[in-house]
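Topology and contacts: notes
The chain contents come next:
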There are 2 protein chains.
Amino acid sequence: MSNTTTKVPLERKVLSENDRLAAELRAEFARHGIRCLNLISSPGSGKTALLERTLGAFDPGVRVAVLTGDIQTDADARRLERYGFPVRQITTAGACHLDARMVTKALEGWDLAALDLLFIENVGNLVCPTSYDLGEVAKVVLLSVAEGEEKPLKYPGIFFKAKLMVLTKIDLLPYVPFRLDDAIANARSIQPDIEIMQVSNTTGEGLEKWMEWVRRGI
Amino acid sequence: MSNTTTKVPLERKVLSENDRLAAELRAEFARHGIRCLNLISSPGSGKTALLERTLGAFDPGVRVAVLTGDIQTDADARRLERYGFPVRQITTAGACHLDARMVTKALEGWDLAALDLLFIENVGNLVCPTSYDLGEVAKVVLLSVAEGEEKPLKYPGIFFKAKLMVLTKIDLLPYVPFRLDDAIANARSIQPDIEIMQVSNTTGEGLEKWMEWVRRGI
């Protein structure tokens, strides 16, 4: 049997196992009225910085939690913990994405009835996390203006699946050769309905609209 | 049989098949005296821009070629072709990395005896390409100062395997919260011998040292 013929069925099996677990997570989140958002981007696009800004903007009573994924280190969890909301780090020990099993395991022992909003910060990778449903209500893709406006065309998978594209680091626009209109047109050419917003975690620009979007339905 | 117990041997088989093909590529490159460099980074760290600068700095007689990998589009090949050197695009159609089989196939019909230097621009992904030997003499990791100085700790695999770390977009240093000394210390903590240089593809700063490094041994 060649590698090709063995490989396809196994990938399907792994993904369908993931889909089964993700469906269980989605049902569980729905039962508890939890809005779960899955943040996906390249390394260094500002996922953790956006979550720091977001947690910092919440009143202490807001029922929000974060799962943050990395291949190594618990640096992100430590950055996010100081806002006083529950945070857990998932260290994938080499895996290039989070999967539904990791999320299920990380949620063990949590009182889901006490949550309204759950952020999942995926591993920094614009490719692989796209294929793994985590039970979220929406995928959010972040694209830093330092990365280039052609990224939606070169990594179409995530821009097709995301409900929202957040253009980050817009304070850098004067210093980088990023064509904003082209970035938006490129994303819309992959998915006409994608919502788009622009933020700077440094200056705070655009964060109000982001917070409105996050709070939708909770 | 559980997913876990089937998954490990198949990954091993795929990787050992890759290692076999990569060893063949490496022997072929050695036979023709080709220096092959495998460029790996996040999306948007400046791999294509660095190659544009590099090709632009070569005299027309230099025997250099480029293989450039992307999930979709041949945009990078089109950017690079105008320097007059041979360029081929590898479109992976979803795969998150290049493998040795793709490189072997892309080189079919090329006169390797006519080459001294081959750049392989990998898919933009700081994780998966690390595991796939392409027969290169060195992996080069690019890290943009817009991405953050903790990346070597969070993605240690590539910083452990790369011979050289190129810190890119240093013209942005005044505008981003990037701690250069920490980035260097973090990379060295993963691999004490890693060579490190700083470049800006915008201003041209640091490119002379890069060109010297590239030309080593050809």
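Description of the structure in this document.

Criteria and thresholds
- Sequence order as written defines the numbering, with residues in each chain counted from 1.
- For naming, the first written chain is A and the first written ligand is 1, with later ones following in the order written.
- Reporting in this predicted model follows two pLDDT cut-offs: at least 70 for local features of residues, and 80 or more for side-chain atom pairs to be given and counted; totals over whole chains, interfaces and linings ignore these cut-offs and use all residues.
- Calculation of side-chain values draws on the structure's entire complement of heavy atoms; hydrogens and water are dropped beforehand.
- Think of a salt bridge as a Lys or Arg side-chain nitrogen and an Asp or Glu carboxyl oxygen that are within 4 Å of each other.
- Counting from the N terminus, the helices are the DSSP runs of H or I reaching at least four residues and the strands are the DSSP runs of E reaching at least two.
- In short, DSSP must find at least two bridges between two strands for them to pair.
- By convention, a crossover is right-handed whenever its connection, traced from the first strand over the helix to the second and viewed with the strands pointing away, goes clockwise.
- Only protein chains enter the area calculation, which uses a 1.4 Å probe; residues under 20% of their type maximum are buried, those over 50% are exposed, and those in between are partly exposed.
- Least-squares superposition aligns the copies on the C-alpha atoms of those residues with pLDDT at or above 70 in both.
- Two residues form a contact once any of their heavy atoms are found within 4.5 Å.
- The rule is short: rings of Phe, Tyr and Trp, with Trp giving its six-membered ring, pair when the centres are within 6.5 Å, and they are stacked under 30 degrees, edge-to-face over 60, tilted in between.
- Note on criteria: charge over ring means Lys NZ or Arg CZ within 6 Å of the ring centre, with the direction from the centre no more than 35 degrees off the ring normal.

A word on the pattern of salt bridges
Scanning all chains against the criterion turns up 34 salt bridges over all chains. B:Glu17 serves as the salt-bridge partner of B:Arg20, at 3.3 Å between the closest nitrogen and oxygen. Taken together, the residues span about one helical turn, with B:Arg20 and B:Glu17 both in helix H1 (residues 3–31) at a distance of 3 residues. Because the salt bridges share partners, they merge into one network encompassing A:Asp70, A:Asp76, B:Glu150, B:Lys151 and B:Lys154.

Here we look at the pairing of strand S3 (residues 87–91) of chain A
All names here are of chain A. As judged from the 5 bridges shared by strand S2 (residues 64–70) and S3, these two strands associate in the parallel manner. Its bridge partner lying in S3, Val66 is registered against Val87. As for the winding sense of the linkage, the β-α-β connection from S2 through helix H3 (residues 75–81) to S3 is right-handed.

Description of unusual backbone geometry
Excluding glycine, residues mostly carry a negative phi; peptide bonds, for their part, are mostly trans. In the Ramachandran plot, A:Thr73 falls in the positive-phi region, its phi being about 75° despite a non-glycine side chain. In this structure, A:Thr73 sits in the loop between S2 and H3. Here A:Thr73 falls in the partly exposed class, since its relative accessible area comes to 25%. The backbone phi angle of B:Ala93 is positive, close to 50°, even though this residue is not glycine.

Structural notes on the relation of the copies chain A and chain B
Once chain A has been moved 0.0 Å along the axis and rotated by 180°, it coincides with chain B to within an RMSD of 0.0 Å. The relationship between the two copies is best expressed as a two-fold rotation axis. Here 97% of the contact residues of chain A are again contact residues in chain B; the copies associate through an equivalent surface.

Quick notes on the packing of aromatic side chains
Scanning the entire structure with this criterion turns up 5 aromatic pairs over all chains. Taking the centre distance of 6.3 Å and the plane angle of 80° together, the rings of A:Phe58 and A:Phe85 count as edge-to-face. Taken together, the residues A:Phe58 in the loop between helix H2 (47–57) and S2 and A:Phe85 in the loop between H3 and S3 connect sequence positions 27 residues apart. Judged by its relative accessible area of 6%, A:Phe58 is buried. Taking the centre distance of 6.1 Å and the plane angle of 10° together, the rings of B:Trp210 and B:Trp213 count as stacked. Highlighted residues: B:Trp210 and B:Trp213, both in helix H8 (residues 207–215), separated by 3 residues, approximately one helical turn. Against the face of A:Trp213 rests A:Arg35, its NZ or CZ located 4.9 Å from the ring centre.

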